[in-house]
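Structural characterization, general
What follows is each chain in one-letter form.
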Amino acid sequence: MGKTDLVIRAATSRDAQAISPLIADLGYPATPAETTARLDRVLGTPGHRVLVAESHDKKIIGWVHVFGAVRVESDPFAELGGLVVAKKFRGCGAGTRLVNAAGTWASVNGFSKLRIRSRTERSGAHAFFESLGFAFFKNQKIFERPTKENS
Ligand SMILES: CC(C)(COP(=O)(O)OP(=O)(O)OC[C@H]1O[C@@H](n2cnc3c(N)ncnc32)[C@H](O)[C@@H]1OP(=O)(O)O)[C@@H](O)C(=O)NCCC(=O)NCCS
């Protein structure tokens, strides 16, 4: 597939069926119904954008979610919430196009920085982000618990 064969466009609720298997590619299996509910919630939340990469035959081969993050202790920044390109289409430039389109959305919406959190073991993705101008910033540990203690 040539790099120019791809169209990057905003996702709609109807794209959930196509996005769902790509989420499994990322290592988080989800049913189409779960993906539909989650995508609808993201699409309905101001300050969030989901973009898809569509081939000339209208097949969705990748997606990215970008959102504005606001903090009390730091200036706002944009963050990639998820990014995946279907295995057989990797290396064709789709990931680059999606990240750059997310960066454009972030810039147009007033965010001067774009951030991605990436699991330590995803060394291929780290090389990808560095090739796009991202610089390593910090390591983190992530903790979670149910919202109600002892439930
Ligand atoms: C990371 C990912 C989105 C990249 O998408 P892609 O469409 O393959 O990326 P591109 O074709 O635009 O690659 C651009 C450049 O990034 C680098 N790159 C991409 N994948 C790489 C890898 N696995 N290892 C090393 N470098 C890589 C290359 O320098 C490439 O340039 P090239 O054209 O000279 O080869 C894709 O591999 C993917 O979906 N991976 C699994 C999910 C994932 O890790 N997502 C990120 C979560 S943090």
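A brief look at the structure comes next. Remember, it's a predicted structure, so these values are computed and weren't measured experimentally. Along every chain, residues carry numbers that run from 1 in the direction the sequence is written. Side-chain atom pairs in this predicted model are given and counted only at pLDDT of 80 or more, local residue features only at pLDDT of at least 70, and totals for whole chains, interfaces and linings cover all residues. Side-chain metrics in this entry use all non-hydrogen atoms of the structure; hydrogen atoms and water are not considered.

**Comments concerning the packing of aromatic side chains**
Worth spelling out the cut-off: Centres within 6.5 Å make a pair out of two Phe, Tyr or Trp rings, where for Trp the six-membered ring is used; the pair is then stacked when the planes are under 30 degrees apart, edge-to-face when over 60, and tilted otherwise. For every residue, the accessible area (1.4 Å probe, protein chains only) is compared with the maximum for its type, and the residue is labelled buried under 20%, exposed over 50%, or partly exposed between those bounds. To sit over a ring, a charge needs its Lys NZ or Arg CZ within 6 Å of the ring centre and within 35 degrees of the ring normal.
One pass over the full model with this rule turns up 3 aromatic pairs. Between Trp105 and Phe111 the ring centres are 6.2 Å apart and the planes differ by 20°, which places this aromatic pair in the stacked class. Using a relative accessible area of 14% as the deciding quantity, one classes Trp105 as buried. Here the aromatic rings of Phe128 and Phe129 are separated by 5.1 Å at their centres, their planes lie at 65°, and the arrangement is edge-to-face. Of the aromatic side chains, those joined through ring pairs into one cluster are Phe128, Phe129 and Phe134. For Arg115, the ring lying beneath its charged end belongs to Phe77, and the centroid distance is 4.0 Å.

**Observations regarding the nonpolar core**
Stated formally: By nonpolar core we mean a set of buried residues, namely Ala, Val, Leu, Ile, Met, Phe, Trp, Tyr and Cys, connected to one another through side-chain atoms within 4.5 Å. Each helix corresponds to a stretch of at least 4 residues labelled H or I by DSSP, and each strand to a stretch of at least 2 residues labelled E; elements are numbered beginning at the N terminus. Every residue pair with non-hydrogen atoms within 4.5 Å of one another is taken to be in contact.
Grouped together as the largest cluster of nonpolar side chains are 34 residues, with contacts concentrated most on Trp63, Val64, Leu80 and Leu98. Sorting the residues of this core by element identifies α1 (16-25), β2 (48-54), β3 (60-69), β4 (77-85) and α3 (94-108) as the ones contributing at least two each. The element contributing the most residues to this core is α3, with 6 residues. Setting aside residues no more than four positions away along its own chain, Leu80 makes contact with Val64, His65, Val66, Phe67, Val99, Ala102, Leu114, Arg115, Ile116 and Phe129.

**Topic: the pattern of salt bridges**
Operational definition: A pair is scored as a salt bridge if a Lys or Arg side-chain nitrogen falls within 4 Å of a carboxyl oxygen belonging to Asp or Glu.
Within the structure shown, the criterion is met by 7 salt bridges. We note a salt bridge from Glu54 to Arg9, for which the minimum N-O separation is 3.0 Å. Here Arg9 lies in strand β1 (residues 7-10) and Glu54 lies in strand β2, a separation of 45 residues in the sequence. Note that Glu121 and Arg119 form a salt bridge whose closest N and O atoms lie 3.1 Å from each other. Residue Glu121 is classed as exposed on the basis of its relative accessible area, which comes to 54%. Each of Arg9, Asp15, Glu54 and Lys58 takes part in one network of salt bridges that share partners.

**A few points about the site of the ligand**
This is how it is decided: To be near a molecule or strand, a residue needs just one of its heavy atoms within 4 Å of it. Calculation of accessible area relied on Shrake-Rupley with a 1.4 Å probe; when residues are assessed, cover is drawn exclusively from the protein chains displayed. For this classification, Asp, Glu, Lys and Arg are treated as charged, while Ala, Val, Leu, Ile, Met, Phe, Trp, Tyr, Cys and Pro are nonpolar and the rest, including Gly, are polar.
Neighbouring the ligand are 21 residues; Val85, Gly91, Gly93, Gly95 and Thr96 lie closest to it. Protein chains bury 69% of the 910 Å² of accessible surface belonging to the ligand in isolation. With 6 residues, helix α4 (residues 123-131) is the largest single contributor of residues to the shell around the ligand. For the shell around the ligand, a count of residues per class yields 11 nonpolar, 7 polar and 3 charged.

**Thoughts on the sheet that holds β1**
Here is the rule: By this definition, two strands are paired if DSSP reports at least two bridges between them. Fitted lines through C-alpha atoms serve as axes, helices being fitted only where they are in contact, and the angles separating the N-to-C directions of these axes extend from 0 to 180 degrees.
With mixed pairing, 5 strands are arranged side by side in an open sheet as β1-β2-β3-β4-β5. Whereas interior strands pair on both sides, the edge strands pair on one side only; in this sheet they are β1 and β5 (114-116). Neighbour-to-neighbour, the strand axes of the sheet open up by a mean angle of 30°, direction not taken into account. Of the strand pairs in this sheet, β1 and β2 are connected by 4 bridges, and their pairing is antiparallel. Residue pairing across strands places Ala10 opposite Leu51, the latter belonging to β2.

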